2 protein chains.
Amino acid sequence: MIAVDWGTSSFRAYRLDESGAVREQRSAAAGLLACRGGFEAVLAQQLAGWDDAGVVMAGMIGSRGGWLEVPYLACPAGAPEIAAGMREVVAPSLSGRRVWIVPGLAHQPAAAPPEVMRGEETQVLGLLGDLAGTGPHWLCLPGTHGKWVCVEDGRIVSLRTAMTGELYALLRRHSLLAALMPASGGPDDADGDDPAAFERGVAASKAPGGLAHQLFGVRSQGLLGTLAAEQAPSYLSGLLIGHELRGLLPAGTRSVQLIGGADLVRRYALALALLGVAATPHGEALGARGLHLLARLRGIAA
Amino acid sequence: MIAVDWGTSSFRAYRLDESGAVREQRSAAAGLLACRGGFEAVLAQQLAGWDDAGVVMAGMIGSRGGWLEVPYLACPAGAPEIAAGMREVVAPSLSGRRVWIVPGLAHQPAAAPPEVMRGEETQVLGLLGDLAGTGPHWLCLPGTHGKWVCVEDGRIVSLRTAMTGELYALLRRHSLLAALMPASGGPDDADGDDPAAFERGVAASKAPGGLAHQLFGVRSQGLLGTLAAEQAPSYLSGLLIGHELRGLLPAGTRSVQLIGGADLVRRYALALALLGVAATPHGEALGARGLHLLARLRGIAA
């Protein structure tokens with residue numbers, strides 16, 4: 001079968017064998033925004049040469065601006081509920097293939113705005129088999145809009161989002177703080193790599209006053225010469241990640257499962273360690289594993 | 001005398017009579033960034049036709065990137081200390097005039113980054129005569145980098161900064177949240193003017209999880225149709241201002257002096273009222289009054 005993670009800005013496809021192992025993979029800058037609605041043609045092109053009949057897709061491709069809007073599924077939900085919520089799209093030009101889209105999840109906390117995710121749920125499903133005991137297990141998926149997911153008894157019971165990655169990018173590139181930092185290397189640069197400055201930022205997130213207040217410390221320490229320009233990106237990263245952890249990590253949590261790219265996972269693990277919390281790192285390839293699980297439940301894969 | 005507020009992006013001059021009342025005023029897009037170091041020539045041009053001998057200036061003109069770096073003065077500081085910290089600049093082409101720059105203030109809270117301000121201190125000084133009793137009095141000066149100032153016994157004893165205005169501008173124009181809002185009218189647009197949505201935002205700032213988490217509520221409620229595009233800017237404004245107030249308003253505070261432009265002061269007063277705090281509004285012209293006080297203390301004005 002073929003597993004696809006199709007988001008706003010990127011397209012990733014994995015060709016899986018019968019055990020769910022990744023045999024080949026492809027990626028392209030063919031996110032939703034680049035497709036202009038021609039999803040079927042883009043998919044046909046991206047999968048050329050792979051003759052597998054079953055295609056299961058997750059991510060924003062199932063949103064209102066995607067190929068087919070697949071309604072959010074309410075938490076709690078486990079693999080059986082998510083598999084049951086999958087929808088098949090009509091793709092006549094993909095002769096002989098059957099193409100499915102996985103639903104995203106929604107969660108309504110008490111007295112707070114609703115939470116939603118699309119795509120991350122497959123990474124969570126990919127990890128389910130590795131979680132010992134009924135939980136609760138806390139999973140953190142850092143990113144532009146990072147997710148905190150709680151799993152109990154094999155089901156996703158709640159989720160929370162933090163816009164930490166987006167705030168970092170905005171402040172790093174467009175804010176008055178950016179004037180006190182070296183020029184940014186672009187959207188994917190990992191420039192926050194001074195561990196001592198990062199630790200200072202995590203520590204600073206403990207001070208009272210809220211994030212909008214704490215952020216000014218980047219500027220004042222820069223003006224007064226106690227934070228060098230090269231240290232400022234790492235300090236900012238530590239401050240934002242520290243703020244996220246102090247806001248969303250439930251009291252008493254001793255360990256967190258971290259799922260994401262190597263650089264982000266490393267930073268979050270360091271920040272968690274500073275707060276006395278152990279982290280177990282996992283790569284993003286879990287998503288393909290989760291899609292394989294869903295495909296098996298629907299009889300699309302063996 | 002002439003009072004000048006000279007910041008990074010704007011220049012404002014006030015011609016004052018002997019009582020300190022504003023007789024004439026001028027403003028220009030001649031901030032530091034537009035001057036390219038030619039401060040003396042810009043000042044001569046802006047003051048043409050005003051023959052007053054004494055010129056007292058405040059704002060970023062006294063910073064490292066300004067005309068003359070005037071060292072920050074440590075809190076606590078009152079009008080006498082600030083007057084004593086004023087520095088005269090050499091301006092031979094401004095024949096017969098004497099030109100002074102007011103120092104900014106610095107404050108070092110316990111276990112937190114330092115705080116600095118340049119320019120706002122003159123507005124605070126302009127209000128001192130109106131404050132009844134020894135205090136403590138809490139003054140809030142909202143803006144791009146808004147300030148919270150505590151005055152006791154006629155002296156500024158502490159200050160705190162919140163980057164609320166800058167965060168609003170970044171999120172309103174450059175973030176993924178902006179895609180869920182009407183097009184922005186530009187840097188000065190006051191588009192957050194739906195009081196009910198603003199109140200919802202202030203209420204949402206009470207939820208746990210921190211600002212990076214709360215901000216996602218703008219997106220999730222937009223996706224799920226419970227927050228209309230036209231409501232989103234006001235909701236965002238209320239969320240950010242509510243976050244600032246909850247972070248920086250000292251527990252038990254019953255009243256706050258608000259100094260700033262009419263639109264911002266109105267919004268902050270509404271948010272404060274929702275938290276049960278009374279607000280007394282003041283306009284930005286207080287700065288000229290503060291500069292007149294300093295000029296009198298130095299014998300520059302009568």
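Residues numbered from 1 in each chain as written. Chains lettered and ligands numbered in written order. Predicted model: local features only at pLDDT ≥ 70, side-chain atom pairs only at ≥ 80, totals over all residues. Heavy atoms only, no water.

Enquirer: Can you explain the relation of the copies chain B and chain A? Please cite residues and give values.
Expert: For the pair chain B and chain A, the superposition axis carries a translation of 0.0 Å, the fit reaches an RMSD of 0.0 Å, and the rotation angle comes to 180 degrees. Taken together, the rotation and translation relating the two chain copies correspond to the operation of a two-fold axis. An overlap of 100% is found between the interface residues of chain B and their copies at the interface of chain A, pointing to a shared contact surface. (Least-squares fit on C-alpha atoms with pLDDT ≥ 70 in both. Contact = heavy atoms within 4.5 Å.)

Enquirer: I'd like a rundown of helix 4 (residues 120-127) of chain A, residues and numbers included.
Expert: In terms of residue burial, helix 4 of chain A counts as a mostly covered element, since eight of its eight residues are buried. Of all the residues in helix 4 of chain A, the buried ones are Glu120, Glu121, Thr122, Gln123, Val124, Leu125, Gly126 and Leu127 of chain A. (Buried < 20%, exposed > 50% of the residue type's maximum accessible area, 1.4 Å probe, protein only. Helix = DSSP H or I, 4+ residues; strand = E, 2+ residues; numbered from the N terminus.)

Enquirer: Lay out the interface of chain B and chain A with the relevant residues and their values.
Expert: Taken together, the 43 residues of chain B in the interface contact 43 residues of chain A. Roughly 3500 Å² is buried in total at the junction of chain B and chain A, and carbon and sulfur atoms are behind 73% of that figure. Linking chain B with chain A are 12 residue pairs in polar contact (both at pLDDT 80 or more), by the criterion used here. The set of elements that each furnish at least two residues to the side of chain B that touches chain A consists of strand 10 (115-117), strand 13 (155-162), helix 5 (164-174), helix 7 (211-214), helix 8 (216-223) and helix 9 (232-248) of chain B. (Buried area = accessible area lost by both parts, 1.4 Å probe. Polar contact = N/O pair within 3.5 Å; in protein donor to acceptor, adjacent residues only side chain to side chain.)

Enquirer: Tell me about the sheet that holds strand 7 (residues 87-89) of chain A, residues and numbers included.
Expert: All names here are of chain A. Judged by pairing direction, the sheet is mixed, and its six strands sit side by side in the order 3-2-1-4-8-7 without closing on themselves. One side of each edge strand has no neighbouring strand; the edge strands of this open sheet are strand 3 (22-28) and strand 7. Neighbouring strand axes in the sheet, compared pairwise and without regard to direction, differ in orientation by 25 degrees on average. Taken together, the three bridges between strand 7 and strand 8 (residues 98-101) define a ladder with antiparallel strand orientation. In the strand pairing of strand 8, Glu88 is matched with Trp100. The sheet strands contacting helix 11 (residues 286-297) are strand 1 (2-6), strand 2 (11-16), strand 3 and strand 4 (54-58), and the helix crosses strand 4 at an angle near 125 degrees. (Pairing = 2+ DSSP bridges. Axes fitted to C-alpha atoms, helices over the stretch in contact; angles between N-to-C directions.)

Enquirer: Explain the pattern of salt bridges to me, using residue names and the numbers behind them.
Expert: For the structure on display, the rule yields 22 salt bridges over all chains. One salt bridge in this structure joins Arg15 of chain B and Asp51 of chain B, with 3.0 Å as the shortest N-O distance. Pair noted here: Arg15 of chain B is in strand 2 (residues 11-16) and Asp51 of chain B is in the loop between helix 2 (39-46) and strand 4 (54-58), with a separation of 36 residues, a long-range link. A salt bridge links Arg155 of chain B to Glu81 of chain B; its shortest N-O distance comes to 3.0 Å. Here the residue Arg155 of chain B occupies a position in strand 13, and Glu81 of chain B occupies one in helix 3 (residues 79-84), the gap between them amounting to 74 residues. Residue classification places Arg155 of chain B among the partly exposed positions, given a relative accessible area of 33%. One salt-bridge network, held together by shared partners, links Arg15, Glu24, Asp51 and Asp52 of chain A. (Salt bridge = Lys/Arg side-chain N within 4 Å of Asp/Glu carboxyl O.)

Enquirer: Can you tell me about the sheet that holds strand 5 (residues 73-74) of chain A, naming the residues and giving the values?
Expert: All names here are of chain A. On the basis of which strands lie adjacent, the open sheet formed by three strands has the order 5-9-10 and mixed pairing. Sheet topology places strand 5 and strand 10 (115-117) at the edges, where each strand pairs with a single neighbour. Of the pairings in the sheet, the one linking strand 9 (residues 105-107) to strand 10 comprises three bridges and is antiparallel in character. Bridged to Leu105 within strand 10 is Met117.

Enquirer: Which residues make up the packing of aromatic side chains, and what are the values?
Expert: With the rule as written, the count across this model stands at eight aromatic pairs over all chains. Between Trp6 of chain B and Phe11 of chain B the ring centres are 4.9 Å apart and the planes differ by 90 degrees, which places this aromatic pair in the edge-to-face class. For the residue pair Trp6 of chain B and Phe11 of chain B, the accessibility class agrees, reading buried in each case. Taken together, the ring pairs in this structure connect Trp6, Phe11, Phe39 and Trp67 of chain A into an aromatic cluster. The ring of Tyr72 of chain A carries the charged tip of Arg118 of chain A above its face, separated from the ring centre by 4.2 Å. (Phe/Tyr/Trp six-rings, centres within 6.5 Å; stacked < 30°, edge-to-face > 60°. Lys NZ or Arg CZ within 6 Å of the ring centre and 35° of its normal.)

Enquirer: For the pairing of strand 14 (residues 255-259) of chain B, give the residues involved together with the corresponding values.
Expert: Residues and elements named next belong to chain B. Most of strand 14 sits inside the fold, with four of its five residues counted as buried. Of the pairings in the sheet, the one linking strand 11 (residues 137-141) to strand 14 comprises two bridges and is parallel in character. In the sheet register, Leu139 faces strand 14, and the bridge partner there is Gln257. The pairing of strand 14 with strand 15 (residues 278-282) spans five bridges and is parallel. Across the sheet, the residue bridging to Ser255 is Ala278, located in strand 15.

Enquirer: Tell me about the environment of Arg172 of chain B, and name the residues and values.
Expert: Residue and element names in this part refer to chain B. With respect to the helices and strands, the residue Arg172 is situated in helix 5. Judged by its relative accessible area of 3%, Arg172 falls in the buried class. Here the alpha-carbon distance between Arg172 and Ala83, two residues 89 residues apart in the chain, equals 40 Å.

Enquirer: Can you explain the nonpolar core? Please cite residues and give values.
Expert: Of all hydrophobic cores here, the largest spans 78 residues; its most connected members are Leu171, Leu215 and Val218 of chain A together with Leu171 and Leu215 of chain B. With sequence-adjacent residues up to four places away left out, Leu171 of chain A is seen in contact with Leu177, Ala178, Leu215, Leu236 and Leu240 of chain A together with Met163, Leu167 and Leu170 of chain B. (Core = buried A, V, L, I, M, F, W, Y, C linked by side-chain atoms within 4.5 Å.)

Enquirer: How would you summarise the packing of helix 4 of chain A against helix 11 of chain A if you had to cite specific residues and measurements?
Expert: Residue and element names in this part refer to chain A. Where helix 4 meets helix 11, the closest approach of the two axes is 6 Å, and the angle between their N-to-C directions is 80 degrees. The angle between the axes of helix 4 and helix 11 places the two elements in the roughly perpendicular class. Contacts between helix 4 and helix 11 pair Thr122, Gln123, Leu125, Gly126 and Leu127 from the former with Leu286, Gly287, Arg289, Gly290, Leu291, Leu293 and Leu294 from the latter. Split into classes, the residues belonging to the contact of helix 4 with helix 11 amount to six nonpolar, five polar and one charged. (Parallel < 35°, antiparallel > 145°, perpendicular 65-115°, else oblique. Nonpolar A, V, L, I, M, F, W, Y, C, P; charged D, E, K, R; others polar.)

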